[in-house]
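Chain residues, written in single-letter form:
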Amino acid sequence: MELDEIRKQLTHRLHRIKGQLDALEKSLHNKDEDCEKTIILLKASSQALKKFGEAYVQEYMDRCFSEKKSSATIQKNLKKAIKAAFSL
């Protein structure tokens, strides 16, 4: 995939996350706050940010490794470590 397309997709993810966070903030200031809806919004925005982090690291790590010609073992171990970090 082309770098511009990757950046476009990642930016789109961030815009959706911003929308979720805005909705979460509005629900906090709403006098008729729906607690269940707020918790669902919190979970959704948290998961979306996690998925963004995974996508960002994966795409840029692949590109950086291919440019730097790192060894396959280092790449594999680093990918596992990063994936584990986002799977808390």
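These remarks concern the structure in this document. (Residues numbered from 1 in each chain as written. Predicted model: local features only at pLDDT ≥ 70, side-chain atom pairs only at ≥ 80, totals over all residues. Heavy atoms only, no water.)

1. Re the overall build of the protein
Put simply, the rule is: A run of H or I in DSSP becomes a helix once it reaches four residues, and a run of E becomes a strand once it reaches two; helices and strands are each numbered from the N terminus. Each residue's exposure class comes from its accessible area (1.4 Å probe, protein chains only) as a fraction of the maximum for that residue type: buried when under 20%, exposed when over 50%, partly exposed otherwise. Only heavy atoms enter the contact rule, under which two residues are in contact if any of them lie within 4.5 Å. Here the open area of atoms and residues is found with the Shrake-Rupley method and a 1.4 Å probe, where only the protein chains shown may cover a residue.
Counting secondary structure elements, the protein contains 3 helices and 0 strands. Reading the protein from its N end, one meets helices and strands in the order α-α-α. The buried share among the 88 residues of the protein stands at 18%. Look at the contacts in the protein between residues 6 or more apart in sequence, and 61% of them connect residues 24 or more apart. For the protein, the accessible surface area stands at approximately 7000 Å², while carbon and sulfur atoms represent 57% of it.

2. Focus: the packing of aromatic side chains
Given two aromatic rings, their pairing is described by the distance between the two centres and the angle made by the two planes. This is how it is decided: Two aromatic rings from Phe, Tyr or Trp, using only the six-membered ring of Trp, form a pair when their centres are within 6.5 Å; if the ring planes differ by under 30 degrees the pair is stacked, by over 60 it is edge-to-face, and anything between is tilted.
Tallied over the entire structure, the rule returns 1 aromatic pair. Centre to centre, the rings of F52 and Y56 are 6.1 Å apart; their planes meet at 25 degrees, and the pair counts as stacked. Here Y56 and F52 lie together in helix α2 (residues 35-68), a separation of 4 residues that amounts to about one turn. Looking at F52, the relative accessible area reads 15%, which means it is buried. Overall, the relative accessible area of 40% leaves Y56 in the partly exposed class.

3. Concerning the environment of T38
Note that T38 resides in helix α2. Along the chain, T38 and E25 lie 13 residues apart, while their C-alpha atoms are 8.9 Å from each other. Apart from residues no more than four positions distant in its own chain, T38 is found in contact with L24, S27, L28 and E33.

Scope: geometric values only; no functional claims are made or implied.
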